[in-house]
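# Observations on the three-dimensional arrangement
Each chain, written out:
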Amino acid sequence: MGEGNVRNGMRKWWAAALVLALAAALLSACGGSRDKGGSSGEGGAQPPAATPSPGTGADSGSSGGQGESPYKDKYDPPVTITTVWGIDPALQFKNGETIENNVATRWALETLGIKVETLWSVTDTNNAFVTKMRLALASGQQMPDVVTIGDEQLAHDLIDSGLFREVGSLFDAYANEKWKQAMALDPHVWDPYMRGGERMGIPVLDYAYNHDYLLWIRQDWMDKLNLQAPKTLDDLEAIMDAFKHRNPDGLSPDQVTPLSIGFKNTFNTWMGDPSWVFGAFGTIPEQWNLAEDGTLAWGSIHPGAKQALETLKRWRDLGYIPAEAALWDENKTAEPAVAGTAGIIPGPYWMSGWPLLDTAKNVEHAVWKPYPIPAGPDGKAGRHGTRFTNGVTLISKDAKHPEALFTYQNYLFEHLADPAPGSQWDIGVFKGYDYDLDDSGNPVYGDDIPGGAVNIMRYWLVRDGARIPDAQMKALLRLADGKEPETRLEKELKNNYGPETPAAAKVLLSQPDISYPDLFSGPPTPTMTSKLDYLKKIELQTFSEIIYGQKGIDDFDRFVQTWKSSGGDQMTKEVNAWYEQTK
């Protein structure tokens, strides 16, 4: 990534996504209008009479007045939506519930007249959901009416199977204004799911900056060792060495993980990866970045990647990173941090709530603080940027009631995404699950809920329910400025996201220019479809072998030539042909 060209190109490309503008806007003005809803749902009073009308109005479709619209605020008799689930291994249930039958499925039936019926579910360990979904596709099993997919390649394969319908006309006809406005924050979110000019999947919106990295460092260790914030990789090395060899908790060097990272499946993911080390040398691996000549180039073959690999090899030789980093995925990198034996872990701003809040259960005096990403020898710093999406929702061609998904999601965007004080779901969603009331009628959260809290956000038909990309960061900055929480989102952040999360948001936004999202957001090119899996496999293998000393650093140059001749050059041409059309 050429320093000047990258940033100019990034700003031009990402203006629609508001990466830099959003940062400025969030820091200067966090206000915004909100609609009010009714009273509490499950565990309280009756639900509100009606959700505000979508698009052109409730019970009026896109037929221009020709016949009654199938869209309803509540279906009577109820309609059925079938789906399938990949259940987060960490997800907990209470009261004997399951993903198939729980407080959220009952809410959908009672409030909206929608019965959510599960075709199958699987605990999503070792990519089990993707595997089962591919088996269902290959064997001709019934596809669900609605399915949310987080795996990019699986999503494209399902779209290209011909079993799922276009969704753009449904979105235009039935989505409410709050959902449409949230989607309009970045028009490019639709790009990966376009086929022949048609929108084939509904992007699942996520919070802005949700996986942009900073460093979480044990502040109690820093204080006891009289260490200052790392501004460069050299500073960071000195800190890692002190953590390992002069550990304030008396841990022996072999017990300490100075920097907890892993790259079992990728060098560019959502927590615990070393992509920011590559950023210190001018590139981000495993994504398409802007080159000096204004074209898109694969970040892993940039010369800076070779320097990053040299750095990571040295850190492994010195014992600064886990000896088994090549076998560690994201969740594994959290284990030594929670155990109290890791000093630094890279990841998102929200890690103060999970997993780092649990460190104090093992080391009572442990304190984690957020720090900016350090720069490399030439003053460069970089991290992977987050798009405003974390998946896509597909609708089967055989779905009898596709409009019902919009009834479901419209309600969540209106009442869940960013409710105003005093509105529907203001203090919580489901009493006894994500909140409760004490004897005085005041809301309580977390461990104060009888039987404990559960993450009901993973119970929704669409992962995490409904998110407006800039809503959470606005709420965090209000809290960081010392304001008392007023909205449900602010209360949720204060109660569930850890004490350092607002400060982490400010640290993150102190470096808005170093976030580099993947600039290719189109559907897979022909060569991607046939060659990308192989190219990623040889890349991961080569990088790991260099870090472990099984190959010399000059094997990086041989990898680059192999990558180019094995489909990489052709794929680059196809990517740039797409890129030219987007300018």
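Note that the structure is predicted; figures quoted are calculated from it, not measured.

So, about the side chain of His384. Following the sequence through the fold, His384 ends up in strand E13 (residues 383–384). Here His211 takes part through its backbone oxygen, which lies 3.5 Å from a polar atom of the side chain of His384. There is a polar contact of 2.8 Å between the side chain of His384 and the backbone oxygen of Thr269. Beyond its immediate sequence surroundings of up to four residues, His384 is in contact with His211, Asp212, Tyr213, Asn268, Thr269, Asp273, Ser275, Ile284, Gln287 and Tyr516.

Turning our attention to the pattern of salt bridges. The tally for this structure, following the rule as stated, stands at 31 salt bridges. A salt bridge links Glu97 to Arg106; the nearest nitrogen and oxygen atoms lie 2.8 Å apart. Using a relative accessible area of 10% as the deciding quantity, one classes Glu97 as buried. Among the charged side chains, a salt-bridge network with shared partners connects Asp88, Asp206, Arg458, Arg463, Asp464 and Arg467.

With that settled, consider the confidence of the model for the protein. For the protein, per-residue confidence averages 89 on the pLDDT scale, and residues scoring 70 or more make up 88% of the total. In the model, residues 27–53 has pLDDT below 50 throughout and makes 57 contacts with residues more than four positions away in sequence or in other chains.

A few words on the side chain of Ser69. Here Ser69 lies in the loop between helix H2 (19–28) and strand E1 (79–87). Judged by its relative accessible area of 4%, Ser69 falls in the buried class. Among the polar contacts made by the side chain of Ser69, one reaches the main-chain amide nitrogen of Tyr71 at a distance of 3.0 Å.

Let us now look at a negative patch on the surface. A cluster of acidic residues, Asp438, Asp439, Asp447 and Asp448, forms a negative patch at the surface. By secondary structure assignment, the location of Asp447 is in the loop between strand E16 (443–444) and helix H15 (471–480). Residue class for Asp447 comes out exposed when judged on its relative accessible area of 75%.

Taken together, three strands build an open sheet; the order of strands is E3-E14-E6 and the sheet is antiparallel. Of all the strands in the sheet, the pair left with one neighbour each is strand E3 (146–149) and strand E6 (202–205). The mean inter-strand angle of the sheet, taken between neighbouring strand axes irrespective of direction, is 30°.

Structurally, the α-helix is built with 3.6 residues per turn, so residues lying three or four positions apart point the same way. Relative to the 40 Å expected for 28 residues at 1.5 Å per residue, helix H19 (residues 555–582) spans just 36 Å between its end C-alpha atoms, considerably shorter than the ideal helical length. Gly567 marks the point of greatest bend in H19, at about 65°.

Attention shifts here to the sheet that holds strand E7 (residues 214–218). As summarised here, the arrangement of the four strands in space is E8-E11-E7-E12, forming an open sheet in which the pairing is mixed. The strands lining the two open edges of the sheet, one partner per strand, are strand E8 (257–259) and strand E12 (368–371). Taking the axes of each pair of neighbouring strands and ignoring which way they run, one obtains an average angle of 30° across the sheet.

Our next topic: the pairing of strand E14 (residues 389–395). The buried count for E14 comes to five of seven residues, which makes it a mostly enclosed element. Pairing of E6 with E14 involves three bridges; the strand directions are antiparallel. In the sheet register, Ile202 faces E14, and the bridge partner there is Thr393.

Each value, and the rule that gives it
- Residues numbered from 1 in each chain as written.
- Predicted model: local features only at pLDDT ≥ 70, side-chain atom pairs only at ≥ 80, totals over all residues.
- Heavy atoms only, no water.
- Helix = DSSP H or I, 4+ residues; strand = E, 2+ residues; numbered from the N terminus.
- Polar contact = N/O pair within 3.5 Å; in protein donor to acceptor, adjacent residues only side chain to side chain.
- Contact = heavy atoms within 4.5 Å.
- Salt bridge = Lys/Arg side-chain N within 4 Å of Asp/Glu carboxyl O.
- Buried < 20%, exposed > 50% of the residue type's maximum accessible area, 1.4 Å probe, protein only.
- pLDDT = per-residue confidence, 0-100.
- Patch = residues over 30% accessible without salt bridge, like charges linked within 9 Å, V, L, I, M, F, W, Y side chains within 5 Å.
- Areas by Shrake-Rupley, 256 points an atom, 1.4 Å probe, with all protein chains shown as cover.
- Lys, Arg positive; Asp, Glu negative; His and termini not counted.
- Charge placed at Lys NZ, Arg CZ, Asp CG, Glu CD.
- Pairing = 2+ DSSP bridges.
- Axes fitted to C-alpha atoms, helices over the stretch in contact; angles between N-to-C directions.
- Expected span 1.5 Å × (residues − 1).
- Bend = angle between axes of the 7 residues up to and from the residue.

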